[in-house]
Amino acid sequence: MLDLPDKECQAIYSQLVFMPLRTHDVLNEAAAPIQYAYFLNSGLASVLNVMEDGKSVEVGLTGKEGFVGLPLLVGFKSSPSRVIVQIAGSGYRINASTLISVLTKCRTLEKRLYRFSQVLAAQASQIAACNRLHEVDERLARWLLMSRDRIDSNLVPLTQEFLAHLLGTRRSSVTVAASILQKARLIDYTRGQVNIVDPKGLEEAACECYAALVQQSSRWNGESS
């Protein structure tokens, strides 16, 4: 969990409820009132833009570093995106109205959440460009690396159907992309799970977007105080 001043720990921790997060659990629904915010402890959540026909594409990822419920920070009561658990884990839930009240006493936490909102915005911008300009195998490599960083594991559970939704492409395209990476001996794909066997090679196979996001995060971490 968060490393905060003692007073802030007392204010926020007493309001948190530990929650198991199951795959496909919806944490926030697009256009629906935000009832709860979440501090992720493990697992992975996807931020999805959902079209009228039900098709969706991933615009952000959050894991143990992240928070779900950012619109609440600026007084909004609904989410523009669907946030869904992609890899099962756990987290801490807090009532939306309670969070707003607690943040008046937790300025360090509030500042960190605002900073995370900028990280997620930068991520969404980069991913939007990536989805438009780069090949599916490069995007798949980028996505696997981003997921690995957030779950601290080279084993990434997923299905091709779900990944196709996340990458905004057809399932057949994901199959071809996974085959390219597997033939290059960068990953080992079995039904429902990808094993990253050559992380360095996968970084070289990924588009520039992964490195750009890592570098931006490093710059901001160096500037933070």
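Scroll up to find the structure.
Basis of the calculations
- Residues numbered from 1 in each chain as written.
- Predicted model: local features only at pLDDT ≥ 70, side-chain atom pairs only at ≥ 80, totals over all residues.
- Heavy atoms only, no water.
- Buried < 20%, exposed > 50% of the residue type's maximum accessible area, 1.4 Å probe, protein only.
- Helix = DSSP H or I, 4+ residues; strand = E, 2+ residues; numbered from the N terminus.
- Pairing = 2+ DSSP bridges.
- Contact = heavy atoms within 4.5 Å.
- Salt bridge = Lys/Arg side-chain N within 4 Å of Asp/Glu carboxyl O.

**Student:** Sorry, what's going on with the pairing of strand 9 (residues 193–196) here?
**Tutor:** Within a regular beta strand, the side chains point alternately toward one face of the sheet and then the other, so they alternate between its two faces. Burial along strand 9 is one-sided: Val194 and Ile196 are buried, while Gln193 and Asn195, pointing the other way, are not. Here strand 7 (residues 155–157) pairs with strand 9 via three bridges, running antiparallel. The residue of strand 9 that forms the bridge with Leu155 is Asn195. As judged from the four bridges shared by strand 8 (residues 187–190) and strand 9, these two strands associate in the antiparallel manner. Of the residues in strand 9, the one forming a bridge with Ile187 is Ile196. Counting the residues in the hairpin turn of strand 8 and strand 9 gives two residues, including Gly192, whose phi is positive at 85 degrees.

**Student:** Explanation requested: the environment of Leu103 in the structure shown.
**Tutor:** Along the chain, the position of Leu103 falls in helix 2 (residues 96–103). Accessibility expressed as a relative area gives 4% for Leu103, which makes it buried. For the pair Leu103 and Ile34, spaced 69 residues apart in sequence, the C-alpha separation works out to 16 Å. Those residues in contact with Leu103 that lie beyond four places of it in its chain are Leu73, Leu109, Glu110 and Leu113.

**Student:** What should I look at first to understand the pattern of salt bridges in this one?
**Tutor:** It is possible for side chains of opposite charge to pair when their charged atoms get near one another. For the structure on display, the rule yields seven salt bridges. Close ionic contact of Asp152 with Lys64 constitutes a salt bridge, the shortest N to O distance being 3.2 Å. In this pair, Asp152 is assigned in the loop between helix 4 (136–151) and strand 7 and Lys64 in the loop between strand 4 (56–62) and strand 5 (67–68), connecting sequence segments 88 residues apart. On the basis of relative accessibility, which here comes to 40%, the residue Lys64 falls in the partly exposed class. Of the charged contacts in the structure, one is a salt bridge between Glu110 and Arg107, with a shortest N-O distance of 2.8 Å. Within this pair, Glu110 and its partner Arg107 are both found in helix 3 (residues 107–133), separated by three residues, close to a single helical turn. Residue Glu110 is classed as buried on the basis of its relative accessible area, which comes to 18%. Residue classification places Arg107 among the partly exposed residues on the basis of a relative accessible area of 49%. Residues joined by salt bridges that share partners form a network here, namely Arg148, Asp149 and Glu203.

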